[in-house]
Amino acid sequence: LDPTGSVDQPVTWVVTGPHRYDKGLGPKLSINASGDLVEVHANNLSDDELFYRYGYVDPNTTSPDIIWKSGELGHHYEWGESPEIAINDQSNVVEVHSETTGSNLHYRRALASNDRVQFAPPQFLPSTGRGAGIALANSELAITVINNTNVLYATAGYLNGADPAKVDWGPFAK
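Quick summary incoming for the structure in this document. Owing to the predicted nature of the structure, the values given are computational and were not obtained by experimental measurement.

What follows covers the overall build of the chain. Broken down by element type, the chain carries zero helices and 14 strands. Across the chain, helices and strands are ordered from the amino to the carboxyl terminus as β-β-β-β-β-β-β-β-β-β-β-β-β-β. Here the chain has a C-alpha radius of gyration of 16 Å; the compact-globule value for 174 residues is 16 Å, and the two agree. In the chain, which comprises 174 residues, the proportion classed as buried is 38%. With the model as given, the accessible surface of the chain reaches about 9900 Å², and the carbon-plus-sulfur share is 54%.

Once that is clear, we can look at unusual backbone geometry. Within the chain, Glu140 stands out as a residue other than glycine whose phi angle is a positive 70 degrees. Note that Glu140 resides in the loop between strand S11 (132-136) and strand S12 (141-148). Taking relative accessible area as the criterion, Glu140 reaches 31% and is therefore assigned partly exposed. The phi dihedral of Asn150 is positive, around 65 degrees, even though this residue is not glycine. With respect to the helices, strands and loops of the structure, Asn150 is situated in the loop between S12 and strand S13 (151-159).

Let us now look at the pattern of salt bridges. With the rule as written, the count across this model stands at four salt bridges. Here Glu84 makes a salt bridge to Lys28, at a shortest N to O gap of 3.8 Å. Pair noted here: Glu84 is in strand S6 (residues 81-87) and Lys28 is in strand S1 (residues 25-31), with a separation of 56 residues, a long-range link. The partly exposed category is assigned to Glu84, whose relative accessible area is 22%.

A sheet is described by the order of its strands in space; here four strands give the open sequence S11-S12-S13-S14, paired in antiparallel fashion. Pairing within the sheet leaves two strands with one partner each, and these edge strands are S11 and strand S14 (167-169). Here the average twist between neighbouring strands, direction ignored, is 25 degrees. Relative to S12, S11 runs antiparallel, the two sharing five bridges. Within S12, the position partnered with Ile134 by the bridge is Thr144.

Attention now goes to the packing of aromatic side chains. Counted by the stated rule, this structure contains four aromatic pairs. Look at Tyr52 and Phe119: their rings are 5.6 Å apart centre to centre, the planes differ by 65 degrees, and that puts the pair in the edge-to-face class. A residue pair is termed long-range when its members are at least 10 positions apart, and Tyr52 in strand S3 (residues 49-58) and Phe119 in strand S9 (residues 116-119) qualify at 67 residues. When the ring of Tyr107 is compared with that of Trp169, the centres are 5.5 Å apart and the planes differ by 85 degrees; the resulting orientation is edge-to-face. Here Tyr107, found in strand S8 (residues 104-113), pairs with Trp169, found in strand S14; they are 62 residues apart in sequence, far enough to count as distant. The same class applies to Tyr107 and to Trp169, which are both buried. Among the aromatic residues, ring-to-ring pairing joins Tyr52, Tyr77 and Phe119 into one connected group.

Counting through the fold element by element, Arg116 comes out in strand S9. With residues up to four places along the chain from it excluded, the contact list for Arg116 reads Tyr52, Tyr54 and Leu111.

Before going further, it helps to examine the side chain of His41. Looking at the secondary structure, you find His41 in strand S2 (residues 36-42). By relative accessible area, which is 3% here, His41 ends up buried. Within the structure, His41 has its side chain in polar contact with the backbone oxygen of Lys23 (distance 3.3 Å). Setting aside its immediate chain neighbours within four residues, His41 contacts Asp22, Lys23, Gly24, Leu25, Gly26, Pro27, Glu49, Leu50, Phe51 and Pro83.

Cut-off values and rules
Residues numbered from 1 in each chain as written. Predicted model: local features only at pLDDT ≥ 70, side-chain atom pairs only at ≥ 80, totals over all residues. Heavy atoms only, no water. Helix = DSSP H or I, 4+ residues; strand = E, 2+ residues; numbered from the N terminus. Rg over C-alpha atoms; globule rule 2.2 N^0.38 Å. Buried < 20%, exposed > 50% of the residue type's maximum accessible area, 1.4 Å probe, protein only. Areas by Shrake-Rupley, 256 points an atom, 1.4 Å probe, with all protein chains shown as cover. Salt bridge = Lys/Arg side-chain N within 4 Å of Asp/Glu carboxyl O. Pairing = 2+ DSSP bridges. Axes fitted to C-alpha atoms, helices over the stretch in contact; angles between N-to-C directions. Phe/Tyr/Trp six-rings, centres within 6.5 Å; stacked < 30°, edge-to-face > 60°. Contact = heavy atoms within 4.5 Å. Polar contact = N/O pair within 3.5 Å; in protein donor to acceptor, adjacent residues only side chain to side chain.

Laid out in structure tokens, this is it:
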């Protein structure tokens, strides 16, 4: 796909058929311009564990294959539900998720390197809700949209240069 092209570009799927890569619920993934992938999902049990995978799209094959550098299965990194994740071209990662009880939302910054995602301690998002989406630009601008009782709110903030666990979020707006 041409990122600057029109919205009606055709998609040619080159990976045929589904390929099992883990067990779980609600997978979300993000890819950067280098083809690095991060994926998060909840387990398929009732203990609210969240897992991540880290890999890349191998450009040296006739049909792009996904190589999971983090191993055969996901790695537990947190408890919660409804995880979302974003990666930029500098391999910075921001993940957001809901608590299993209550309405607090959390985020975690991370760095994807070597064969793993190295998460910083969890932080609270400065608003509550029952789900959030996340995007991360190469300028280190993070944008999140939350669902708070079916009203959507958005905010943006830059990755904090002094504290690798924090994002300097702005105020939320409807």
